[in-house]
Amino acid sequence: MKILKNKLVSTIVISGLVLGFYSQANGSKSNIEKQKTELHSSHDVSNKVADDHDSHEHNEESEALLAKAPSEHNEGVITLSPQKMALANIKVKAITPKIQYSSIYAPGEIKANGYKSFMVSPRTESVIINRHAILGEHVEKGQKLVTLFSESMAQAQADYLIASTEWQRIKKLGKQTVSESRLVLSETTFNAAYGKLIAFGLTEEAIKDIFNMPTTLFGQYSLTAHGSGVVLQDDFYQGQRVAAGDLVMLLADEDDLWVEAKVSPNKKFELSINSPAIVQFAGHNYKAKVIQEAHTIDPITRTRIIRLSVKNQEDSLHSGMFVKINFQFETQNKVLAVPEEALMRSADGDWIVFVEDHPGEFAAVEVNLGRALGDLREISGLESGSRVVTQGAFFVASEIAKGGFDPHNH
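Criteria and cut-off values
- Residues numbered from 1 in each chain as written.
- Predicted model: local features only at pLDDT ≥ 70, side-chain atom pairs only at ≥ 80, totals over all residues.
- Heavy atoms only, no water.
- Helix = DSSP H or I, 4+ residues; strand = E, 2+ residues; numbered from the N terminus.
- Buried < 20%, exposed > 50% of the residue type's maximum accessible area, 1.4 Å probe, protein only.
- Contact = heavy atoms within 4.5 Å.
- Areas by Shrake-Rupley, 256 points an atom, 1.4 Å probe, with all protein chains shown as cover.
- Pairing = 2+ DSSP bridges.
- Axes fitted to C-alpha atoms, helices over the stretch in contact; angles between N-to-C directions.
- pLDDT = per-residue confidence, 0-100.
- Salt bridge = Lys/Arg side-chain N within 4 Å of Asp/Glu carboxyl O.
- Polar contact = N/O pair within 3.5 Å; in protein donor to acceptor, adjacent residues only side chain to side chain.
- Parallel < 35°, antiparallel > 145°, perpendicular 65-115°, else oblique.
- Left-handed = near helix turned anticlockwise from the far one by under 90°.

> Hey, could you go over the overall build of the protein for me, with residue numbers and the actual values?
Broken down by element type, the protein carries 6 helices and 23 strands. Buried positions account for 31% of the 410 residues belonging to the protein. Here the contacts in the protein between residues at least 6 apart in sequence split such that 73% fall between residues at least 24 apart. Surface summary for the protein: the accessible area is close to 25,800 Å², and the carbon and sulfur share equals 54%.

> Please set out the pairing of strand β8 (residues 220–224) residue by residue, giving values where relevant.
Alternating positions in β8 separate cleanly, Tyr 221 and Leu 223 being buried on one face and Gln 220, Ser 222 and Thr 224 remaining unburied on the opposite face. For strand β7 (residues 144–149) and β8, the ladder comprises 5 bridges, and the chain directions are antiparallel. Bridge assignment links Lys 144 to a residue of β8, and that residue is Thr 224.

> Please set out the sheet that holds strand β15 (residues 304–311) residue by residue, giving values where relevant.
A barrel is described by the order of its strands in space; here 6 strands give the closed sequence β3-β12-β15-β14-β13-β16, paired in antiparallel fashion. Across this sheet, the average inter-strand angle for adjacent strands is 40°, counted without regard to direction. Note: strand β3 (residues 101–111) against strand β12 (residues 256–263), 4 bridges, orientation antiparallel. Paired with Ile 110 across the strands is Val 259, a residue of β12.

> With reference to specific residues and values, describe the confidence of the model for the protein.
Per-residue confidence for the protein averages 81 on the pLDDT scale, and 80% of its residues sit at or above 70. Between residues 1–74, whose pLDDT stays under 50, and residues either more than four places distant or in other chains, the model counts 8 contacts. In the model, residues 404–410 has pLDDT below 50 throughout and makes 12 contacts with residues more than four positions away in sequence or in other chains.

> Could you give me a rundown of the pattern of salt bridges, with the residues and numbers involved?
A side chain of one charge can pair with a side chain of the opposite charge when the charged atoms of the two come close. Using the criterion set out here, one finds 14 salt bridges in the structure. Arg 241 is paired through a salt bridge with Glu 151; the nearest N and O atoms lie 3.8 Å apart. With Arg 241 in strand β10 (residues 241–242) and Glu 151 in helix α3 (residues 151–173), this residue pair connects regions lying 90 residues apart in the sequence. The exposure class of Glu 151 is partly exposed, given its relative accessible area of 46%. For Glu 166, the salt bridge identified is with Arg 182, shortest N-O distance 3.2 Å. With Glu 166 in helix α3 and Arg 182 in helix α4 (residues 180–199), the pair connects residues that are 16 residues apart, well separated along the chain. Three or more residues joined by partner-sharing salt bridges are found here, namely Lys 116, Asp 256 and Lys 311.

> Before we move on, could you go through the environment of Asn 285 and cite the residues and values that matter?
By secondary structure assignment, the location of Asn 285 is in strand β14 (residues 284–297). Sequence spacing of Asn 285 and Ile 325 is 40 residues, and the spatial spacing of their C-alpha atoms is 9.5 Å. Leaving out residues up to four positions away in the same chain, Asn 285 has contacts with Ile 278, Val 279 and Gln 280. In terms of polar contacts, Asn 285 uses its side chain to reach the side chain of Gln 280, at 3.3 Å.

> Help me get a handle on the packing of α3 against α4, residues and values and all.
Where α3 meets α4, the axes come as close as 8 Å, and the angle between the chain directions of the two elements is 150°. Classified by the interaxial angle, the pair formed by α3 and α4 is roughly antiparallel. With respect to the hand of their crossing, α3 and α4 are arranged in left-handed fashion. Counting all contacts with α3, which are made through Met 153, Ala 156, Gln 157, Asp 159, Tyr 160, Ala 163, Ser 164, Glu 166, Trp 167, Arg 169 and Ile 170, the residues of α4 involved are Arg 182, Leu 183, Ser 186, Glu 187, Thr 189, Phe 190, Ala 193, Tyr 194, Lys 196 and Leu 197.

> Give a detailed account of the sheet that holds strand β22 (residues 376–380), specifying residues and quantitative values.
Either a parallel or an antiparallel arrangement is found when strands of a sheet pair, and the pairing is made through backbone hydrogen bonds. One open sheet holds the 3 strands; their spatial order is β17-β22-β21, and the pairing between them is antiparallel. Lying at the two open borders of the sheet, with one neighbouring strand each, are β17 (337–339) and β21 (368–373). Direction aside, the axes of adjacent strands within the sheet are offset by 35° on average. With 3 bridges joining them, β17 and β22 adopt antiparallel strand pairing. By the bridge assignment for β22, Pro 339 is matched with Leu 376.

> Provide a residue-level description of unusual backbone geometry, including the pertinent values.
Phi is positive for Asn 274, which is not a glycine, with a value near 75°. Secondary-structure assignment places Asn 274 in the loop between β12 and β13 (276–281). In the Ramachandran plot, Arg 302 falls in the positive-phi region, its phi being about 55° despite a non-glycine side chain. Summarising the element assignment, Arg 302 is placed in the loop between β14 and β15. Taking relative accessible area as the criterion, Arg 302 reaches 53% and is therefore assigned exposed.

> Requested: an account of the pairing of strand β5 (residues 126–131), with residues and values cited.
Of the strand pairs in this sheet, β5 and β10 are connected by 2 bridges, and their pairing is antiparallel. The partner of Ser 126 across the bridge, within β10, is Val 242. Across 4 bridges, the pairing between β5 and β7 is antiparallel. The partner of Asn 130 across the bridge, within β7, is Thr 147.

> I'd like a rundown of helix α6 (residues 393–402), residues and numbers included.
Those residues of α6 that fall on the buried side of the exposure criterion are Ala 393, Phe 395, Val 396, Ser 398 and Glu 399. For α6, the elements touching its buried residues are β1 (77–79), α2 (82–87), β18 (344–345), β19 (351–358), β20 (361–366) and β23 (386–391).

> Lay out the side chain of Gln 157 in plain terms, naming residues and giving numbers.
Within the fold, Gln 157 resides in helix α3. If we ignore the near neighbours within four places in the chain, the residues touching Gln 157 are Leu 197, Leu 202, Ile 210, Met 213, Phe 218, Gly 219 and Gln 220.

Laid out in structure tokens, this is it:
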């Protein structure tokens, strides 16, 4: 019994030792796993810190590279590609000192050149039978314009035919057969009949045709163009009776027109013959020169009339048009000048232009304004030969201010 009890005690002790050893072993394993987990966690944290450090260094390196790369939007400077410049229609021009013109504005009206115009009118009371030219038609010298009938013309043609026949007969007889007085009378009668037809407006060719003219056509005659030009007026009807001197047609040479400027008598400026001027109509400019200056005041408009001559080579100007006139006055010295649209305002309110230092690279340069010179403005503060944006300056300013501007949206 004692032996059995001792065995039982031994078994319990051994079991306790085994359990203790097992617990200690499990505890050690747990500690190892915990340490291992902590080690992995520490490693992950280290890796994350390292990655963050690498990422930060990478960003700093990228920023440094960007800082070194050419910037398209540096302060006051911009670089534009040729494609963008073409899209925005940017034009650049070298600006050098030149003689420019200041201008004084006046309204005006296109007139037919009175020295190259011709009134077509009968020289005896007549009836209009036919027209051969219409309003706006270009006619040439000698071209038939209208055909008329006149009782006076019929009598004149008949008298001429009789006088011519008699004069030819007397000349053949000679002085030996016919008296001197008869010869002189016949010649004088012939010359008078011929002169009357000329006075009625017939040409030499038309007078020669009288000999072959049927008697039924006596009294008919045609008025022809005395020079090439355009029919500006034809206020008549076929069958209408017109008196001698009545206007039937008005012809004018529109290659050289008059412009009558209406200037306030209070404006004091001196103009000499051939002084230059610019005539503006529908966005187009035409060079003109002063030819006359009236010394009286127009009773209706109460203005002083200055007449100019303008070449109308493209046939785009016509009598009756209202135009703008800018009289040109030369500057005494050569000056720098840019188009008004080349001037922009800076952020602080100063006037600037954009200068191209290198192809596609533009910088804002502050300038001082001087006189208005027509569509140009005198400037100072810019070097001669500078390449200035003369068209599209608004786009360049917007690109600098906004960092990317679409020309289609402005």
